[in-house]
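Architecture and fold: a report
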Amino acid sequence: MTGPVAFTVEAVFGFADENAVVLRLRLENRGSMAVHYAPARLTIQVGGANFPSALNDASGELGPNAAASVHVVLVGNPDGVRAPLSVNNTFVPSIPFRE
């Protein structure tokens with residue numbers, strides 16, 4: 001990671017019938033250099049499970065001393081088994097940064 005980045009879950013929207021949630025994250029780069037990350041590899045930890053982002057609008061870059069809102073869609077398990085997704089879960093973002 002090039003600079004210190006803070007994550008905040010600003011909002012969670014639930015869609016029970018679709019077994020999906022949409023998160024609005026705030027990414028804040030508190031460093032003096034831009035950071036680059038891989039939006040396609042963004043995951044969210046829910047309990048002991050890591051859910052890959054099914055869809056997100058992340059740009060892949062966060063300028064120095066800048067912040068951005070990112071929307072992330074999580075859906076149930078691909079095998080058709082319902083995942084424990086709820087607006088009441090604790091969500092922990094994980095974004096792989098690159099130099």
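For the structure, check the block above.
Keep in mind that what you see is a predicted model, and the values were worked out from it rather than measured.

**Digging into the packing of aromatic side chains**
Under the defined criterion, the tally for this structure stands at two aromatic pairs. Residues Phe7 and Phe97 carry aromatic rings whose centres are separated by 6.4 Å and whose planes lie at 40° to one another, so their mutual orientation is tilted. In this pair, Phe7 sits in strand S1 (residues 5-15) while Phe97 sits in strand S10 (residues 97-98), placing the two residues 90 residues apart along the sequence. For Phe97, a relative accessible area of 22% corresponds to the partly exposed category. Geometrically, the ring pair formed by Tyr37 and Phe97 is edge-to-face, given 6.0 Å between the ring centres and 65° between the ring planes. Here Tyr37 is found in strand S3 (residues 35-37), whereas its partner Phe97 is found in strand S10, with 60 residues between them in sequence. Owing to a relative accessible area of 2%, Tyr37 belongs among the buried residues under this scheme.

**Section: the nonpolar core**
Counting residues in hydrophobic clusters, the biggest one holds 20 residues, and the most contacted among them are Ile44, Val72 and Leu74. Elements with a minimum of two residues in this core: strand S2 (20-29), S3, strand S4 (43-46) and strand S8 (67-75). Counting residues per element, this core draws most heavily on S2, which supplies four residues. Beyond its immediate stretch of four places on either side in the chain, Leu74 contacts Asn19, Ala20, Val21, Leu23, Ile44, Val46, Phe51, Pro52, Ser53, Leu85 and Phe91.

**Examining the sheet that holds strand S5 (residues 49-52)**
Sheet architecture is open: three strands sit in the order S5-S4-S9, paired in antiparallel fashion. Every interior strand has two partners, whereas the edge strands, S5 and strand S9 (91-94), have only one. Across the sheet, the mean angle separating the axes of adjacent strands is 30° when strand polarity is ignored. Of the pairings in the sheet, the one linking S4 to S5 comprises four bridges and is antiparallel in character. By the bridge assignment for S5, Ile44 is matched with Phe51.

Conventions and cut-offs
For every chain, the first residue of the written sequence is number 1, and numbering continues from 1 onward in sequence order. Where totals are concerned, whole chains, interfaces and linings use all residues; where local detail is concerned, this predicted model gives features only for residues with pLDDT of at least 70, and gives and counts side-chain atom pairs only at 80 or more. As a convention, hydrogens and water are excluded, and side-chain values are obtained from all of the structure's heavy atoms. The aromatic pairing rule takes the rings of Phe, Tyr and Trp, using the six-membered ring of Trp, and pairs them if the centres are within 6.5 Å, calling planes under 30 degrees apart stacked, those over 60 edge-to-face and the rest tilted. Working definition: helices are DSSP H or I runs of at least four residues, strands are E runs of at least two. Numbering for both runs from the N terminus. Each residue gets one of three labels from its accessible area relative to the maximum for its type: buried under 20%, exposed over 50%, partly exposed in between, using a 1.4 Å probe on protein chains only. Here, nonpolar core refers to any group of buried Ala, Val, Leu, Ile, Met, Phe, Trp, Tyr and Cys residues whose side-chain atoms link them within 4.5 Å. The contact rule is simple, with two residues in contact once any of their heavy atoms fall within 4.5 Å. Two strands make a pair as long as DSSP finds a minimum of two bridges between them. Axes here refer to lines fitted to C-alpha atoms; in helices the fit is confined to the stretch in contact. Angles between the N-to-C directions go from 0 to 180 degrees.

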